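# Per-entry structural report
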Amino acid sequence: MTERPAPSSIDPAEVAKFQAMAREWWDPQGKFKPLHMLNPTRLDYVAAQIAAQFGRDRTEAQPFRDLTLLDIGCGGGLMAEPMARLGATVTGADAAEGNIAIARLHAEEQGLAIDYRATTAEALAADGHRFDVVMALEIVEHVADPAQFIATCRDLVAPGGMLIASTLNRTARSFAAAIVGAEWIMRWLPKGTHDWRRFITPDELAQMAEAAGLRVVDRCGMVFNPLGWSWSLSHRDLSVNYVLTALRDG
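Residues numbered from 1 in each chain as written. Predicted model: local features only at pLDDT ≥ 70, side-chain atom pairs only at ≥ 80, totals over all residues. Heavy atoms only, no water.

## Details of the overall build of the chain
Of regular secondary structure, the chain possesses eight helices and eight strands. Out of the 250 residues in the chain, the part that is buried amounts to 54%. Restricting the contact set of the chain to residue pairs at least 6 apart, pairs at least 24 apart contribute 68%. As displayed, the chain has an accessible area near 11500 Å², and 52% of this comes from carbon and sulfur atoms. (Helix = DSSP H or I, 4+ residues; strand = E, 2+ residues; numbered from the N terminus. Buried < 20%, exposed > 50% of the residue type's maximum accessible area, 1.4 Å probe, protein only. Contact = heavy atoms within 4.5 Å. Areas by Shrake-Rupley, 256 points an atom, 1.4 Å probe, with all protein chains shown as cover.)

Structure follows, in structure tokens:
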């Protein structure tokens, strides 16, 4: 009797989009310019949540030493690398092999030991992997079945650990900012990178997390200021980009 493969939330068309852009991951003026601009704000939020959950002092050089972290949908490693520098034992996973090839090369150039794998969340969960922290950043809106994906992320979180997921809200403002602004006007991203119908509201994402057995402890917006050309965190404005933290109680 042959073993049936684990169901996958991967959408091949979405993977192909990012595979085509893989070589531009580390070009701050390239197609991933929005993520380069957003990255310091994402990192600040993620580091603060991890430090609070595990009682770590962020003023230390490597506050996350001995913590295991999975960056699912890691792309070229924009978040995996700073987390490794902060001391975490990092695994980066992405379904697009081109992304992993670029991520491995860049990490090697930086002298960073990151376990990059061309694989899926489902495959990692099926193999029994568990992590103190699972990051799913700007990926939920690209998977075929978001609820299934979040449930798989929950399986990857060790008891006492946490899931940090960020995505785009489904609002008129997010359509104007992420599609009209970023794709049509500024041309930061190729047209068709995002499908507004696949965006997920904070309530929907929270419901998925709770249904999977996680406890949501924080929701926060990431707000772009076009005048200052900068990003900031806001617990009041989750209308476009936002991030959610959920715990798997031990």
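## Things to note about the sheet that holds strand 1 (residues 68-72)
The mixed open sheet is built from eight strands, whose spatial order is 3-2-1-4-5-8-6-7. The sheet is open, and its two borders are formed by strand 3 (115-118) and strand 7 (230-234), each paired with just one other strand. Neighbour-to-neighbour, the strand axes of this sheet turn through a mean angle of 20°, independent of strand direction. Taken together, the six bridges between strand 4 (residues 131-137) and strand 5 (residues 157-168) define a ladder with parallel strand orientation. Within the sheet, the bridge partner assigned to Val134 lies in strand 5 and is Leu163. Across the sheet, helix 2 (residues 33-54) lies against strand 1, strand 4, strand 5, strand 6 (215-225), strand 7 and strand 8 (241-247), angled at about 155° from strand 5, the strand it touches most. Contacts from helix 8 (residues 202-211) reach strand 5, strand 6 and strand 8, with the element oriented near 150° to strand 6. (Pairing = 2+ DSSP bridges. Axes fitted to C-alpha atoms, helices over the stretch in contact; angles between N-to-C directions.)

## Some words on the packing of aromatic side chains
Following the criterion strictly, the structure yields three aromatic pairs and no others. Taking the centre distance of 3.7 Å and the plane angle of 10° together, the rings of Trp25 and Phe32 count as stacked. The same class applies to Trp25 and to Phe32, which are both buried. For the pair Phe224 and Trp229, a centre-to-centre distance of 5.3 Å together with 70° between the ring planes defines the contact as edge-to-face. With a relative accessible area of 25%, Phe224 lands in the partly exposed category. The structure contains a cluster of three or more aromatic residues connected by ring pairs, namely Phe224, Trp229 and Trp231. (Phe/Tyr/Trp six-rings, centres within 6.5 Å; stacked < 30°, edge-to-face > 60°.)

## With respect to the environment of Pro28
Counting through the fold element by element, Pro28 comes out in the loop between helix 1 (12-20) and helix 2. Note on Pro28: relative accessible area 42%, which makes it partly exposed.

## Brief notes about the pattern of salt bridges
Scanning the entire structure with this criterion turns up nine salt bridges. Residue Arg219 is joined to Asp203 by a salt bridge in which the shortest nitrogen-to-oxygen separation is 2.7 Å. With a gap of 16 residues between them, Arg219 in strand 6 and Asp203 in helix 8 connect regions that are remote in the sequence. Owing to a relative accessible area of 45%, Asp203 belongs among the partly exposed residues under this scheme. (Salt bridge = Lys/Arg side-chain N within 4 Å of Asp/Glu carboxyl O.)

## With respect to the packing of helix 6 (residues 146-156) against helix 8
The interhelical angle for the contact between helix 6 and helix 8, taken along N-to-C directions, is 50°, at an axis separation of 9 Å. Taken together, helix 6 and helix 8 sit at an angle that is classed as oblique. The element helix 6 and its partner helix 8 pack so that their crossing is right-handed. Of the residues in helix 8, those touching helix 6 at Pro146, Ala147 and Ile150 are Leu205, Met208 and Ala209. (Parallel < 35°, antiparallel > 145°, perpendicular 65-115°, else oblique. Left-handed = near helix turned anticlockwise from the far one by under 90°.)

## Looking at the pairing of strand 2 (residues 89-94)
Regular strands show a simple pattern: their side chains alternate between the two faces of the sheet. The element strand 2 is largely enclosed, with a buried count of five among its six residues. Two strands pair when backbone bridges link them, and strand 1 and strand 2 are joined in this way by five bridges, in the parallel orientation. Bridge assignment links Leu69 to a residue of strand 2, and that residue is Val90. Regarding topology, helix 3 (residues 80-85) serves as the crossover connection from strand 1 to the parallel strand 2, and that connection is right-handed. Both strand 2 and strand 3 contribute to a ladder of four bridges, which runs parallel. Considered in strand 3, the bridge of Asp94 is made with Ala118. Each parallel crossover has a hand, and for strand 2 linked through helix 4 (residues 97-110) to strand 3 it is right-handed. (Right-handed = clockwise from strand over helix to strand, strands pointing away.)

Everything listed here is a matter of coordinates, which is why it stays silent on function.
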